[in-house]
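The lines below spell out each chain.
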Protein chains: 2
Amino acid sequence: MTEQIRIGIAGHGNLGRGVEAAVARNPDMRLAGIYTRRPPESLVPRDPATPVHAMDGLATHGDRIDVLILCGGSKEDLPRQGPELAALFNTVDSFDTHARIPEYFAAVDAPARAARRTALVSAGWDPGLFSINRVIGEALLPDGATYTFWGDGLSQGHSDAVRKVPGVAGAVQYTRPVKEAVDRVRSGTRPTLSTREKHRRECFVVLEDGADPDQVRHAIVTMPHYFDAYDTTVKFVTAEELARDHHAMVHGGFVIRSGNTSDDNTQVIEYGLRLDSNPEFTSSVLVAYARAVHRLNAAGRYGAITVFDVAPGLLSPKSAAELRAEQL
Amino acid sequence: MTEQIRIGIAGHGNLGRGVEAAVARNPDMRLAGIYTRRPPESLVPRDPATPVHAMDGLATHGDRIDVLILCGGSKEDLPRQGPELAALFNTVDSFDTHARIPEYFAAVDAPARAARRTALVSAGWDPGLFSINRVIGEALLPDGATYTFWGDGLSQGHSDAVRKVPGVAGAVQYTRPVKEAVDRVRSGTRPTLSTREKHRRECFVVLEDGADPDQVRHAIVTMPHYFDAYDTTVKFVTAEELARDHHAMVHGGFVIRSGNTSDDNTQVIEYGLRLDSNPEFTSSVLVAYARAVHRLNAAGRYGAITVFDVAPGLLSPKSAAELRAEQL
């Protein structure tokens with residue numbers, strides 16, 4: 001057994017906890033430390049032997065960690081942390097504000113390159129695994145169309161939006177693909193689909209005392225950007241029902257590419273995920289990419305990279321020869 | 001537009017014809033020539049302007065072709081052609097005798113390395129895209145199980161085996177996944193499945209005049225290795241029915257990885273293909289990998305490689321910056 005890859009975790013929310021669980025399942029890695037903005041002594045790591053430090057400690061811990069996994073959010077944390085920490089560590093993050101990826105990539109690339117570090121940005125499943133399948137699908141079937149469906153799944157952003165509606169005491173929102181649309185796409189006919197035709201939204205809402213259900217429902221279904229372009233249903237439940245039936249962070253979805261290789265022949269490629277826990281799965285993706293980042297840095301690939309730059313074999317703990325013999 | 005990649009085709013069966021169709025759909029490539037063991041003048045290319053040469057011509061055409069796609073068979077052609085031609089060209093092939101891949105890889109690697117050529121072996125969908133999904137699935141969910149199902153699809157090898165049975169005038173064989181098994185796998189329970197539980201086989205057979213159907217059926221269903229471990233049905237049809245209803249080379253299948261990221265949470269990844277034309281799709285894969293081989297050779301990656309060594313972005317005609325902006 002060669003030396004274990006030393007993983008650091010920056011930020012200990014759902015993603016950070018998922019990374020702890022994932023590293024425990026990968027014998028070629030060990031957890032070198034968790035870094036948090038909370039008081040370190042207040043944090044209970046999964047394995048009591050894992051060192052917990054204040055986030056400030058990172059500046060002097062460059063020699064303790066092979067790859068640092070950034071588990072902060074895309075809105076507040078990563079735009080600042082990503083470029084800063086890529087000057088000190090090899091990093092992996094899950095920056096997922098699609099429209100700002102080029103800008104973020106550039107901001108991380110310069111410091112990583114200067115410090116001869118490797119920084120993989122925007123890993124996870126979307127962006128991430130779904131992106132890979134969009135690129136490969138288009139490359140294999142240039143005469144075709146790509147469709148991404150999300151769900152059935154709990155959307156954090158949309159749940160938060162519902163929770164901000166006056167009169168709402170608690171809520172979750174599920175995104176669901178519309179079956180008819182999925183069936184049409186799977187048939188290979190390349191339909192043109194509106195936002196409303198692709199997904200519907202379903203909200204489970206706990207009302208505040210005295211709130212008017214019709215008013216709340218109307219405020220939700222007409223909310224610009226979040227709900228107005230969708231068919232949205234609102235179901236009212238008790239606080240107990242919400243806690244009991246809607247706490248799991250299920251998610252998933254699929255990417256379908258259909259195309260023609262000749263006039264007669266249609267080909268359909270489908271990649272799908274069904275996830276009991278969105279954050280735990282995302283963390284598993286980040287951890288596998290940490291292995292690749294460790295190898296790419298050793299091979300001299302410096303700067304920012306994305307999942308598009310990582311050969312599949314680099315994700316596996318097995319050697320290239322083992323993979324050829326066992327899994328090709 | 002940068003210069004087009006010049007593709008050569010060695011061998012003009014179903015795969016070679018599929019490569020012609022695929023190159024026509026990729027504007028960054030052009031077909032530099034088709035090389036055949038038949039009399040070149042007997043071959044009608046899809047585009048009449050495509051030069052057709054005798055296979056012998058390859059030895060002196062090294063400067064006309066950027067990537068040569070080997071479209072011969074794994075049994076007779078590739079074991080000889082692969083190593084020979086990798087000394088003269090960058091190559092892509094679909095060598096698919098799984099058990100002999102390490103040996104074939106080594107035989108191609110040495111001459112390619114010596115000649116500073118890049119030779120991608122065993123591309124296609126299985127081995128190929130399915131292999132990638134087996135590797136990624138295992139890397140993401142180390143505590144899990146992988147299942148590969150094939151079909152519904154026409155199997156050439158099994159069809160040939162049926163055609164050799166005395167009394168058979170014509171036949172095709174379809175491989176079909178067993179729905180109950182697929183459902184159990186999709187549920188994430190990681191069942192242990194026997195060969196018989198995973199797939200069934202269905203044969204459509206035209207009898208020779210005077211042949212005994214019961215004898216033919218018995219000879220098929222008890223055939224060692226090909227059929228004895230499966231539930232096999234044999235249906236007798238007329239030559240007209242066989243020609244009319246069973247000429248399409250449909251195929252497909254799926255790779256499912258299910259695993260746990262914690263005791264509570266099961267995650268399921270599924271990659272599936274539904275193909276109207278198995279050879280045309282395989283050819284499309286070979287052509288996309290030819291683009292990657294061209295780039296990897298320019299970057300100094302010499303020797304034999306497999307799909308495990310190719311980053312997804314290299315398959316696309318788009319630049320890394322375009323892919324990040326549009327498809328991440």
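Treat the numbers as computed from the prediction; the structure is a model and nothing was measured.

Trainee: Explain the UniProt feature "domain: Meso-diaminopimelate D-dehydrogenase C-terminal" (unreviewed entry) in chain A to me, and be specific about the residues and the numbers.
Mentor: Cross-referencing UniProt, the feature "domain: Meso-diaminopimelate D-dehydrogenase C-terminal" (unreviewed entry) maps to residues 124-277 of chain A in the present numbering. From the first C-alpha to the last, residues 124-277 of chain A spans 13 Å; its make-up is 31% helix and 35% strand.

Trainee: An account of the packing of aromatic side chains is needed here, citing residue identities and associated values.
Mentor: All told, the structure shown has 11 aromatic pairs over all chains when counted by the stated rule. Arranged with centres 4.1 Å apart and planes meeting at 15 degrees, the rings of B:F95 and B:Y104 form a pair that is stacked. In this structure, B:F95 and B:Y104 share a single accessibility class: buried. Between B:Y174 and B:F204 the ring centres are 5.7 Å apart and the planes differ by 80 degrees, which places this aromatic pair in the edge-to-face class. Residue B:Y174 is located in strand β9 (residues 168-177), and its partner B:F204 is located in strand β10 (residues 199-207); the two are separated by 30 residues in the primary sequence. The ring centre of A:F149 lies 5.3 Å from the NZ or CZ of A:K198, which sits over that ring. The side chain of B:R201 reaches across the aromatic face of B:Y230, ending 4.1 Å from its centre.

Trainee: Break down the pattern of salt bridges for me, citing the residues and quoting the values.
Mentor: With the rule as written, the count across this model stands at 42 salt bridges over all chains. The partner of A:R25 in a salt bridge is B:D263, and the shortest N-O contact between them spans 3.8 Å. Here A:R25, found in the loop between α1 (14-24) and β2 (29-36), pairs with B:D263, found in the loop between β12 (251-260) and β13 (266-275), and the two come from separate chains. Overall, B:D263 belongs to the exposed group, its relative accessible area being 73%. Here A:D183 and A:K179 are joined by a salt bridge, their closest N and O atoms 2.6 Å apart. Of this pair, A:D183 and A:K179 both sit in helix α6 (residues 179-186), 4 residues apart, which is roughly one turn of the helix. A:K179 gets classed as exposed once you look at its relative accessible area, which sits at 55%.

Trainee: Please set out the relation of the copies chain B and chain A residue by residue, giving values where relevant.
Mentor: The transform that puts chain B on chain A rotates by 180 degrees and translates by 0.0 Å along the axis, for an RMSD of 0.1 Å. Both copies of the chain, as the preceding transformation shows, are related through a two-fold rotation axis. Within chain B, B:A311 has its C-alpha nearest the rotation axis, a separation of 1.9 Å. Take the interface residues of chain B: 100% of them recur as interface residues in chain A, which is what a same-surface contact looks like.

Trainee: Can you break down the pairing of β12(B) residue by residue, with the values?
Mentor: All names here are of chain B. The element β12 is extensively covered by neighbouring structure, given that 10 of its 10 residues are classed as buried. Along β12, one buried face is formed by H251, G253, V255, R257 and G259 and the opposite face, lined by G252, F254, I256, S258 and N260, is buried too. Note that β12 and β13 share 10 bridges and pair antiparallel. Its bridge partner being in β13, N260 is matched across the sheet by T266. Linking two consecutive strands that pair antiparallel, namely β12 and β13, is a turn of 5 residues.

Trainee: Describe the nonpolar core, listing the residues and the values that go with them.
Mentor: Core analysis: the largest hydrophobic core is formed by 139 residues, its most contacted members being A:I7, A:F281, A:Y289, B:I7, B:F281 and B:Y289. Contact partners of A:I7, with chain neighbours within four places excluded, come to A:V19, A:V23, A:M29, A:R30, A:L31, A:A32, A:G33, A:I65, A:V67, A:I69 and A:A290.

Trainee: A description of empty space enclosed by the protein should follow, citing residues and the corresponding values.
Mentor: Counted according to the given criterion, the structure contains 6 cavities of 30 Å³ or more. In this structure, the largest cavity spans a volume of roughly 110 Å³. Contributing to the lining of the largest cavity are A:L129, A:I132, A:N133, A:I136, A:Y271, B:L129, B:I132, B:N133, B:I136 and B:Y271. Mapped by element, the contributors of at least two residues to the lining of the largest cavity are α4 (129-140) of chain A together with α4 (129-140) of chain B.

Trainee: Got a sec to walk through the sheet that holds strand β12 (residues 251-260) of chain A? Specific residues and values, please.
Mentor: Taken in spatial order, the 6 strands make up an open sheet running β7(A)-β12(A)-β13(A)-β13(B)-β12(B)-β7(B), and their pairing is antiparallel. Across the chains shown, the open sheet's two edge strands, defined by having one partner strand only, are β7 (144-150) of chain A together with β7 (144-150) of chain B. Direction aside, the axes of adjacent strands within the sheet are offset by 5 degrees on average. With 7 bridges joining them, β7(B) and β12(B) adopt antiparallel strand pairing. When the sheet's bridge partners are listed, B:T146 is paired in β12(B) with B:R257.

Trainee: Describe the packing of helix α2 (residues 78-86) of chain A against helix α3 (residues 101-114) of chain A, listing the residues and the values that go with them.
Mentor: All names here are of chain A. For the pair α2 and α3, interaxial distance at closest approach is 7 Å and the crossing angle is 20 degrees. With respect to each other, α2 and α3 are oriented roughly parallel. By crossing handedness, the relation of α2 to α3 is classed as right-handed. Between α2 and α3, the contacting residues are L78, P79, G82, P83 and A86 on the first element and Y104, A107, V108, P111 and A112 on the second. Per-class residue counts for the contact of α2 with α3 are 9 nonpolar, 1 polar and no charged.

Trainee: Pulling in residues and values, what's your account of the side chain of A:D77?
Mentor: Residue and element names in this part refer to chain A. Here D77 lies in the loop between β4 (67-70) and α2. In terms of polar contacts, D77 uses its side chain to reach the side chain of R37, at 3.2 Å. Beyond its immediate stretch of four places on either side in the chain, D77 contacts R37 and G72.

Trainee: Quick one: what's the story with the environment of A:G252, residue by residue and with numbers?
Mentor: All names here are of chain A. Structurally, G252 is set in strand β12. Classification of G252 as buried rests on a relative accessible area of 1%. On a C-alpha basis, the gap between G252 and D276 in space is 8.6 Å, while along the polypeptide they are 24 residues apart.

The rules behind the values
- Residues numbered from 1 in each chain as written.
- Chains lettered and ligands numbered in written order.
- Predicted model: local features only at pLDDT ≥ 70, side-chain atom pairs only at ≥ 80, totals over all residues.
- Heavy atoms only, no water.
- UniProt positions renumbered as here; feature names shortened; annotations may be inferred.
- Helix = DSSP H or I, 4+ residues; strand = E, 2+ residues; numbered from the N terminus.
- Phe/Tyr/Trp six-rings, centres within 6.5 Å; stacked < 30°, edge-to-face > 60°.
- Buried < 20%, exposed > 50% of the residue type's maximum accessible area, 1.4 Å probe, protein only.
- Lys NZ or Arg CZ within 6 Å of the ring centre and 35° of its normal.
- Salt bridge = Lys/Arg side-chain N within 4 Å of Asp/Glu carboxyl O.
- Least-squares fit on C-alpha atoms with pLDDT ≥ 70 in both.
- Contact = heavy atoms within 4.5 Å.
- Pairing = 2+ DSSP bridges.
- Core = buried A, V, L, I, M, F, W, Y, C linked by side-chain atoms within 4.5 Å.
- 1 Å grid on protein atoms, 1.4 Å probe; cavity = no way out; pocket = protein on both sides within 12 Å on 5 of 7 lines; lining within 4 Å.
- Points joined across faces, edges and corners; volume = space filled by probe spheres on them.
- Axes fitted to C-alpha atoms, helices over the stretch in contact; angles between N-to-C directions.
- Parallel < 35°, antiparallel > 145°, perpendicular 65-115°, else oblique.
- Left-handed = near helix turned anticlockwise from the far one by under 90°.
- Nonpolar A, V, L, I, M, F, W, Y, C, P; charged D, E, K, R; others polar.
- Polar contact = N/O pair within 3.5 Å; in protein donor to acceptor, adjacent residues only side chain to side chain.

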